[in-house]
Amino acid sequence: MTAPAPVPPSAPLHGLRVLDVATLFAGPLAATMLGDFGADVVKVEHPRTPDPSRGHGPAKDGVGLWWKVLGRNKRTITLDLSNPGGRDTLLRLAADADVIVENFRPGTLERWGLGWEELSAANPRLVLARVTGFGQFGPYAHRPGFGTLAEAMSGFAAITGEPDGPPTLPPFGLADSIAALATAYAVMTALTARTTTGRGQVVDMAIIEPMLSVIGPHSLWYDQLGYVQPRTGNRSRNNAPRNTYRTADGSWVAVSTSARSIAERVLRLVGRPELIDEPWFADGTGRAAHADELDEAVGAWIARRTRDEALAAFEKAEAAIAPVYDVRDVVDDPQYRALGTLTEVEDPELGTIRMQNVLFRLSETPGAIRWPGRPHGADTADVLAELGLTPAEIGALRDQGAV
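Going by what an unreviewed UniProt entry lists, the protein is known as CoA transferase and is assigned to Streptomyces gulbargensis. According to the UniProt record, the Sequence similarities (unreviewed entry) comment for the protein is "Belongs to the CoA-transferase III family."

Set out below in structure tokens:
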């Protein structure tokens with residue numbers, strides 16, 4: 001298979017070498033984010049058991065589509081890390097790497113002779129990002145952990161859903177994605193520290209923790225007030241009107257009024273200006289206590305108008321509204337088009353494919369998708385040759401089952 005194009009020297013993370021030995025999904029996504037901005041990411045998979053994301057979700061012509069996104073900008077090699085030949089090869093790769101991202105259960109790498117002691121001896125400047133469900137220590141450390149468990153244990157599920165309904169989990173990898181963002185940030189922080197100390201270090205990322213930051217000051221509310229936030233559906237305990245509303249043509253729109261000035265514009269627009277003079281309207285908590293009245297006013301007005309009519313009227317009034325999209329709307333939306341949020345990428349297996357672009361825009365050194373996820377082990381020979389291994393040595397590793 002054709003080798004991927006080299007990373008352009010102008011890329012902001014050009015020269016950074018990352019070994020991605022993680023699976024499903026937080027660790028690999030963190031490595032993808034680094035690769036999007038120029039890191040040379042080498043994805044390490046088991047020779048006989050490819051990354052499970054290759055088989056997750058829909059496929060086309062037998063090619064897993066999720067992998068095309070998660071595996072983009074990564075060269076792919078195979079190594080059996082439990083095999084002595086695979087272990088030794090990873091240590092040789094680590095000697096020239098800046099970052100390793102892994103998500104094995106605590107103690108697994110140590111059992112294979114690839115713990116921090118061995119890795120840091122091979123490369124004292126190495127940053128080892130360890131992404132697990134519960135962290136490297138504590139009573140739950142050795143439990144299997146997935147994002148779903150973090151969504152449950154963080155309190156997220158408990159506050160999500162209708163008041164009289166069950167706790168609700170998201171239908172996608174929310175906790176994993178948030179942990180991936182946090183891991184990429186942690187890795188860059190550790191690399192910045194290395195410029196001062198000259199040494200690498202271990203990043204201990206527990207997937208259960210970043211979710212706590214995302215859901216807000218719940219622990220402080222409980223600590224100071226004994227307050228436990230209940231499920232409120234689409235409503236907020238902090239402001240109103242805030243909900244989804246059905247339009248005359250059967251579509252849905254979302255309205256938010258976090259600022260009092262926006263709430264005032266909405267009430268004037270829907271013909272209920274007298275509510276603005278009510279004493280309770282002055283702050284978000286007061287408005288939230290009268291959400292039934294405010295929702296009736298806004299909902300009745302929107303229900304008499306089509307989605308386009310409601311959107312146009314709110315925009316003219318400088319009030320905050322958005323259509324509730326599914327993926328078909330996202331693909332067609334002019335704002336996403338203007339931002340380049342979705343982009344087309346050429347893929348040797350599927351032709352032209354469309355996926356979400358890099359996470360943010362840099363004015364001077366932008367990121368880029370250089371290629372989508374590559375086949376299992378496509379770059380093994382090239383990467384090992386870069387280490388100085390001869391074809392005969394690579395063949396011997398294959399015979400051992402190490403690659």
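Now that the structure has been shown, the text picks up again.
On to the overall build of the protein. When helices and strands are tallied, the protein shows 17 helices and 13 strands. In terms of principal-axis extent, the alpha carbons of the protein reach across some 85 × 50 × 40 Å. The proportion of buried residues among the 403 residues of the protein is 44%. For the protein, long-range pairs separated by at least 24 residues make up 68% of all intrachain contacts whose partners lie at least 6 apart in sequence. Of the side-chain charges in the protein, 39 are positive and 49 negative, and the distance between the mean point of each set is 0 Å.

Another aspect to go through is helix H13 (residues 307–316). When H13 is considered as a whole, its buried residues turn out to be Arg307, Ala310, Ala313 and Phe314. Along the axis of H13, the buried positions cluster into a sector of 135°, meaning they face one direction only. Summarising the geometry of H13, the exposed residues directed more than 90 degrees from the buried face are Asp308, Glu315 and Lys316. Following H13 by one or two positions, Glu318 adopts a phi angle in the positive range, close to 55°.

Let us now look at the nonpolar core. One finds Val18, Leu34, Ala39, Val99, Val101 and Ile207 to be the most contacted residues of the largest nonpolar core, which totals 41 residues. In terms of residue count, the dominant contributor to this core is helix H7 (residues 174–197) (10 residues). Setting aside residues no more than four positions away along its own chain, Val99 makes contact with Arg17, Val18, Leu19, Leu126, Val127, Val187 and Leu191. Counting residues in hydrophobic clusters, the runner-up holds 25 residues, among them Ile77, Leu79, Leu91 and Leu126.

On the surface, a cluster of nonpolar side chains totalling about 350 Å² of accessible area is made up of Leu181, Leu359, Phe360 and Leu362. Tracing the backbone shows Leu359 in the loop between strand S13 (351–356) and helix H16 (380–386). Judged by its relative accessible area of 55%, Leu359 is exposed.

If you walk across this open sheet you meet the 3 strands as S9-S10-S11, and the pairing is antiparallel. Where the open sheet ends on each side, the last strands, each with one partner, are strand S9 (243–246) and strand S11 (321–323). Strand-to-strand twist across the sheet, computed as the mean angle between neighbouring axes with direction ignored, equals 30°. Note that S9 and strand S10 (residues 252–255) share 4 bridges and pair antiparallel. Counted as the bridge partner of Arg246 is Trp252 from S10. Here helix H12 (residues 291–303) sits on the sheet in contact with S9 and S10, set at roughly 35° to S9. Here H13 sits on the sheet and contacts S10 and S11; the angle it forms with S11, its principal contact strand, is near 155°.

For the pair helix H1 (residues 26–36) and H7, the least separation of the axes is 8 Å and the interaxial angle reads 50°. Here H7 runs oblique to H1, going by the angle between their axes. Considering only the axes of H1 and H7, their crossing is right-handed. Contacts from Ala26, Leu29, Ala30, Met33 and Leu34 in H1 reach Asp176, Ser177, Ala179, Ala180, Leu181, Thr183, Ala184, Val187 and Met188 in H7. Split by residue class, the contact of H1 with H7 holds 11 nonpolar, 2 polar and 1 charged.

This part covers the pairing of strand S7 (residues 127–132). A large share of S7 lies buried, amounting to 6 of its 6 residues. Neither face of S7 is exposed, since Val127, Ala129 and Val131 on one face and Leu128, Arg130 and Thr132 on the opposite face are all buried. Looking at chain direction, S7 and strand S8 (residues 202–206) are connected through 5 bridges and run parallel. Bridge assignment links Ala129 to a residue of S8, and that residue is Val203.

With that out of the way, let us pick up the environment of Pro47. Assignment of secondary structure puts Pro47 in the loop between strand S2 (40–45) and strand S3 (59–60). Pro47 gets classed as buried once you look at its relative accessible area, which sits at 17%. Measuring from C-alpha to C-alpha, the distance between Pro47 and Lys74 comes to 17 Å, with 27 residues separating the pair along the chain. Those residues in contact with Pro47, other than ones at most four positions away along the chain, are Thr78, Leu79, Asp80, His376, Gly401, Ala402 and Val403.

Strand order in this open sheet of 6 strands is S5-S2-S1-S6-S7-S8, and the pairing throughout is parallel. In the strand order of this sheet, the two ends are held by strand S5 (74–78) and S8, each with one partner. Between one strand axis and the next, the sheet turns through 20° on average, direction left out of account. In the sheet, strand S1 (residues 17–20) pairs with strand S6 (residues 99–102) via 3 bridges, with the strands oriented parallel.

Now for the packing of aromatic side chains. For the structure on display, the rule yields 7 aromatic pairs. Ring centres of Trp221 and Tyr227 lie 5.8 Å apart, and the angle between their planes is 70°; this geometry places the pair in the edge-to-face category. A cation over an aromatic ring shows up here: Arg143 above the ring of Tyr140, its NZ or CZ 3.8 Å from the ring centre. The positively charged end of Arg287 is found above the aromatic ring belonging to Phe281, 5.4 Å away from the centroid.

Definitions and cut-offs
- Residues numbered from 1 in each chain as written.
- Predicted model: local features only at pLDDT ≥ 70, side-chain atom pairs only at ≥ 80, totals over all residues.
- Heavy atoms only, no water.
- UniProt positions renumbered as here; feature names shortened; annotations may be inferred.
- Helix = DSSP H or I, 4+ residues; strand = E, 2+ residues; numbered from the N terminus.
- Buried < 20%, exposed > 50% of the residue type's maximum accessible area, 1.4 Å probe, protein only.
- Contact = heavy atoms within 4.5 Å.
- Lys, Arg positive; Asp, Glu negative; His and termini not counted.
- Charge placed at Lys NZ, Arg CZ, Asp CG, Glu CD.
- Arc of directions from axis to C-beta.
- Core = buried A, V, L, I, M, F, W, Y, C linked by side-chain atoms within 4.5 Å.
- Patch = residues over 30% accessible without salt bridge, like charges linked within 9 Å, V, L, I, M, F, W, Y side chains within 5 Å.
- Areas by Shrake-Rupley, 256 points an atom, 1.4 Å probe, with all protein chains shown as cover.
- Salt bridge = Lys/Arg side-chain N within 4 Å of Asp/Glu carboxyl O.
- Pairing = 2+ DSSP bridges.
- Axes fitted to C-alpha atoms, helices over the stretch in contact; angles between N-to-C directions.
- Parallel < 35°, antiparallel > 145°, perpendicular 65-115°, else oblique.
- Left-handed = near helix turned anticlockwise from the far one by under 90°.
- Nonpolar A, V, L, I, M, F, W, Y, C, P; charged D, E, K, R; others polar.
- Phe/Tyr/Trp six-rings, centres within 6.5 Å; stacked < 30°, edge-to-face > 60°.
- Lys NZ or Arg CZ within 6 Å of the ring centre and 35° of its normal.

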